[in-house]
Amino acid sequence: MSARHARVLLVSFGAAALVDLVSLAAGFTPGHLVAKPLLMPLLAAHTVARGGPRLLVAALLCGWGGDLLLLSDADPAFLVGMASFAAGHVCYLVLFRRAAALRPATRARGALLTGYVLALTATVTLLWPGLPAGLRIPVAGYSLLLTAMAYGATGLGRLAAAGGALFMLSDTLIATGVADWPQLPRPAFWIMSTYAAAQFLLVSGVPNTLGARPAPRAAYGEMRSTTP
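Note that the structure is predicted; figures quoted are calculated from it, not measured. Throughout this description, residue numbers start from 1 for each chain and increase along the sequence as written. pLDDT decides what is reported in this predicted model: residues at 70 or higher carry local features, side-chain atom pairs at 80 or more are listed and counted, and totals for whole chains, interfaces and linings draw on all residues regardless. Neither water nor hydrogens contribute to the side-chain values; these are computed over all heavy atoms in the structure.

Engineer: Help me understand the overall build of the protein chain, please; the structure alone is not making it clear to me.
Structural biologist: The helix and strand inventory of the protein chain stands at 9 helices and 0 strands. Put simply, DSSP H or I for four residues or longer makes a helix, DSSP E for two residues or longer makes a strand, and each gets a number counted from the N terminus. When the helices and strands of the protein chain are placed in sequence order, the string is α-α-α-α-α-α-α-α-α. For every residue, the accessible area obtained with a 1.4 Å probe (protein chains only) is divided by the maximum for its type, and the residue is called buried under 20%, exposed over 50%, and partly exposed between those limits. Residue burial in the protein chain is summarised as follows: out of 228 residues, 40% are buried. By definition, residues are in contact when any of their heavy atoms lie within 4.5 Å. Pairs at least 24 apart in sequence give 73% of the contacts found in the protein chain among residues at least 6 apart. We get accessible surface area from the Shrake-Rupley algorithm with a probe of 1.4 Å; when it comes to residues, only the shown protein chains can shield them. Split by element, the accessible area of the protein chain, about 12300 Å² in all, is 70% carbon and sulfur.

Engineer: Would you mind going over the packing of aromatic side chains with me for this structure?
Structural biologist: What characterises a pair of aromatic rings is the spacing of the ring centres plus the angle enclosed by the ring planes. Working definition: a ring pair exists when centres of Phe, Tyr or Trp rings (six-membered ring for Trp) sit within 6.5 Å. Plane angles under 30 degrees give stacked, over 60 give edge-to-face, the rest tilted. Across all of its chains, the model carries 5 aromatic pairs by this definition. Centre to centre, the rings of Phe 85 and Phe 167 are 6.3 Å apart; their planes meet at 85°, and the pair counts as edge-to-face. Pair noted here: Phe 85 is in helix α4 (residues 75–102) and Phe 167 is in helix α7 (residues 158–178), with a separation of 82 residues, a long-range link. Grouping residues by exposure puts Phe 85 and Phe 167 together as buried. Measuring from centroid to centroid gives 5.6 Å for Tyr 92 and Phe 96, while their planes differ by 25°, and the two rings are stacked. One end of the pair, Tyr 92, and the other, Phe 96, are both in helix α4, 4 residues apart, so they sit about a helical turn from each other. For the pair shown, Tyr 92 and Phe 96 are each scored as buried. An aromatic cluster is defined as three or more aromatic residues linked by ring pairs; in this entry it consists of Phe 85, Phe 167 and Tyr 195.

Engineer: What's the story with the packing of helix α3 (residues 54–69) against helix α8 (residues 187–205) in this structure? I'm lost.
Structural biologist: The description of two helices packed together rests on the angle between their axes and the distance between the axes. Angles here are taken between N-to-C directions and fall from 0 to 180 degrees, while the axes themselves are lines fitted to C-alpha atoms, restricted in helices to the stretch in contact. Interaxial distance between α3 and α8 falls to 11 Å at its minimum, and their mutual angle equals 170°. Relative to α8, the element α3 lies roughly antiparallel. Taken together, the residues of α8 that come into contact with α3 (itself represented by Leu 56, Leu 60, Gly 63 and Asp 67) are Tyr 195, Gln 199 and Val 203. By residue class, the composition of the contact of α3 with α8 is 4 nonpolar, 2 polar and 1 charged. Here the angle decides the label: under 35 degrees means roughly parallel, over 145 means roughly antiparallel, 65 to 115 means roughly perpendicular, and every other value means oblique. Note that Gly is not counted as nonpolar here; it falls among the polar residues with everything else outside the nonpolar set of Ala, Val, Leu, Ile, Met, Phe, Trp, Tyr, Cys and Pro and the charged set of Asp, Glu, Lys and Arg.

Engineer: Whenever I open this one, α7 confuses me. Can you help?
Structural biologist: For an α-helix the count is 3.6 residues per turn, leaving residues at separations of three or four pointing the same way. By this rule the span expected of a helix is its residue count minus one, scaled by 1.5 Å. When the terminal C-alpha atoms of α7 are compared, their 30 Å separation across 21 residues agrees well with the 30 Å that a helix rising 1.5 Å per residue should span. If you check which residues of α7 are buried, you get Ala 160, Ala 161, Gly 163, Gly 164, Phe 167, Met 168, Ser 170, Asp 171, Ala 175 and Thr 176. Asp 180 lies just past α7 and shows a positive phi near 65°.

Engineer: Can you walk me through the nonpolar core in this structure?
Structural biologist: In globular proteins that are soluble, nonpolar side chains generally tend to be buried together. Of all hydrophobic cores here, the largest spans 50 residues; its most connected members are Tyr 92, Phe 96, Phe 167 and Leu 202. Those elements giving two or more residues to this core turn out to be α1 (3–26), α2 (29–49), α3, α4, α5 (107–127), α6 (133–153), α7 and α8. When residues of this core are assigned to their parent elements, the largest contribution, 9 residues, is made by α4. Setting aside chain neighbours within four positions, we find Phe 96 in contact with Met 149, Gly 152, Ala 153, Leu 156, Leu 202 and Val 206. Here, nonpolar core refers to any group of buried Ala, Val, Leu, Ile, Met, Phe, Trp, Tyr and Cys residues whose side-chain atoms link them within 4.5 Å.

By themselves, these are just geometric observations and shouldn't be taken as functional.
Next up, the structure:
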């Protein structure tokens, strides 16, 4: 697929996100039900069109599964949706391992790790009493995986790092609702705005070559043998 197709798909994603957010701000539920399921497929198709890594596409499709399941208010759907998002985070983590090899460790990343650990500890500690008993362990485990993904994203640069941080914010907003904390007006608007921005930034921050497999050693040896 051409770069033009990739741009069209990205514009389509932006249009669907705008329709979704306007619908949420206006309290127009049918618009949200139509637009939300389009977001991740369009972003995944854009990733395919630009030649992005397969694991990135898989992460987005796992997010799509979670999006569909979270349209339901039932507890089983919430748990399965959380599992789908968790699978997406695993895809991101595997993909980000290549970034760790490409970028040397820095003091800044060490400070970020400390910050993320503190944020995880504080969030789980504060949310724990308000969460339903059956959700406490799953939410804590998911939060650990989400935090690991967000920290891993910092190895790819500012765009991906911002995407990981916004993903944490979006899911924390969901968790505060589950824990029955006071909410901002139109909470779904803030959840979806940070979520859509997070996935877009993660896609924008992942190089197309990150998921490429290295050339076999034999092939590399043949190349060297033919070099004058």
